[in-house]
Amino acid sequence: MSGEEIGIMSPNGSRTGSPGSIGKERLGTPNSRKTVQWGGLTSRDTPSPVDPDTVEVLMTFEPDPADLALSSIPGHETFDPRRHRFSEEELKPQPIMKKARKIQVPEEQKDEKYWSRRYKNNEAAKRSRDARRLKENQISVRAAFLEKENALLRQEVVAVRQELSHYRAVLSRYQAQHGAL
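Conventions we followed
- Residues numbered from 1 in each chain as written.
- Predicted model: local features only at pLDDT ≥ 70, side-chain atom pairs only at ≥ 80, totals over all residues.
- Heavy atoms only, no water.
- Helix = DSSP H or I, 4+ residues; strand = E, 2+ residues; numbered from the N terminus.
- Areas by Shrake-Rupley, 256 points an atom, 1.4 Å probe, with all protein chains shown as cover.
- Phe/Tyr/Trp six-rings, centres within 6.5 Å; stacked < 30°, edge-to-face > 60°.
- Buried < 20%, exposed > 50% of the residue type's maximum accessible area, 1.4 Å probe, protein only.
- pLDDT = per-residue confidence, 0-100.
- Contact = heavy atoms within 4.5 Å.
- 1 Å grid on protein atoms, 1.4 Å probe; cavity = no way out; pocket = protein on both sides within 12 Å on 5 of 7 lines; lining within 4 Å.
- Points joined across faces, edges and corners; volume = space filled by probe spheres on them.
- Polar contact = N/O pair within 3.5 Å; in protein donor to acceptor, adjacent residues only side chain to side chain.
- Salt bridge = Lys/Arg side-chain N within 4 Å of Asp/Glu carboxyl O.
- Patch = residues over 30% accessible without salt bridge, like charges linked within 9 Å, V, L, I, M, F, W, Y side chains within 5 Å.
- Lys, Arg positive; Asp, Glu negative; His and termini not counted.
- Charge placed at Lys NZ, Arg CZ, Asp CG, Glu CD.

Within the protein chain, the secondary structure is distributed over three helices and five strands. Along the protein chain, helices (α) and strands (β) appear in the sequence β-β-β-β-β-α-α-α when read from the amino end. Total accessible area on the protein chain stands at roughly 14,400 Å², and carbon and sulfur atoms take up 54% of it.

Rendered as structure tokens:
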């Protein structure tokens, strides 16, 4: 492994396991029906399902401060890629709009009303471009966080599967010697 600390935080903030410590820690969350000591199982009850949104993966993720600045609205809270969740609507691809053909306005029709409208439209276009750029920056920082988290979770799944196969082998050897449980 890469030396990263891998583990899962339960909703109450305690670690529920990591590849090197599984079997030594206590399984139990506020949602579980029975607390089970992994070292010596006292019950076959399984814990209640845990809300995936409350599980936090322990990992170091330090995005570039410039990326965070570009992903945050000035004067507001800094964008946190660990906590922010985009809605389905926000992540939908936007259709490509064909630009309307420019219509040249004759000089004699460019009065104060025309210039006022041009100014307002230019400001609205700038705000729209800035909002789009901000959203794209937020999505890219969040995607980088999720890719790193995904890689760590894949490493953890591999480690847990190896440990599971080890315990299955131990169990089958035990059953071969002493009979089925």
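The next thing to look at is the packing of aromatic side chains. This model, assessed by the stated rule, comprises three aromatic pairs. A ring pair is formed by Tyr 114 and Trp 115, whose centres lie 4.9 Å apart and whose planes are at 80°; its orientation type is edge-to-face. Taking relative accessible area as the criterion, Trp 115 reaches 46% and is therefore assigned partly exposed.

To continue, consider the environment of Asp 80. Examined against the element boundaries, Asp 80 turns out to sit in the loop between helix H1 (65–71) and helix H2 (88–91). By relative accessible area, which is 27% here, Asp 80 ends up partly exposed. For the pair Asp 80 and Leu 68, spaced twelve residues apart in sequence, the C-alpha separation works out to 8.0 Å.

As a further point, take the confidence of the model for the protein chain. The pLDDT averaged across the protein chain works out to 78; a share of 74% of its residues lies at or above 70. Element-level mean pLDDT values for the protein chain span from 36 in strand S3 (residues 26–27) up to 94 in helix H3 (residues 112–178). Across residues 1–6 the pLDDT falls below 50, and counting only partners more than four positions away or on other chains, this stretch makes 19 contacts in the model. Here residues 8–42 is modelled with pLDDT under 50, and outside its nearest four sequence neighbours on either side it reaches 68 contacts, counting other chains as well.

What follows is about the layout of surface pockets. Looking at the second largest pocket, its volume works out to about 630 Å³. Around the second largest pocket, the lining is made up of 16 residues, and of these Lys 99, Ala 100, Lys 102, Asn 121 and Ala 125 lie nearest the centre.

Moving on, we get to the side chain of Ser 71. Tracing the backbone shows Ser 71 in helix H1. A polar side-chain atom of Ser 71 sits 3.3 Å from the main-chain carbonyl oxygen of Asn 137. Those residues within four positions of Ser 71 in sequence are excluded, and the remaining contacts are Phe 79, Leu 134, Asn 137, Gln 138 and Val 141.

One pass over the structure, following the stated rule, counts seven salt bridges. Between Arg 133 and Asp 130 there is a salt bridge; the shortest N-O distance is 3.1 Å. Within this pair, Arg 133 and its partner Asp 130 are both found in helix H3, separated by three residues, close to a single helical turn. Shared partners join several salt bridges into a network, and the residues in it are Lys 126, Asp 130 and Arg 133.

This part is about a positive patch on the surface. Where like charges cluster on the molecular surface, the positive patch consists of Lys 99, Lys 102, Arg 118 and Arg 129. Position of Arg 129 among the secondary structure elements: in helix H3. Residue Arg 129 is classed as partly exposed on the basis of its relative accessible area, which comes to 39%.

Within the element layout of this structure, Ser 72 appears in the loop between H1 and H2. Judged by relative accessible area, Ser 72 falls into the buried class, the value being 13%. Polar side-chain contacts of Ser 72 include one of 2.8 Å to the backbone oxygen of Leu 68. Ignoring anything within four residues of it in the chain, the contact list for Ser 72 reads Glu 77, Thr 78, Phe 79 and Leu 134.

Below, the discussion takes up a nonpolar patch on the surface. Taken together, the side chains of Leu 171, Tyr 174 and Leu 181 make up a nonpolar region of the molecular surface, amounting to roughly 310 Å² of accessible area. Looking at the secondary structure, you find Leu 171 in helix H3.

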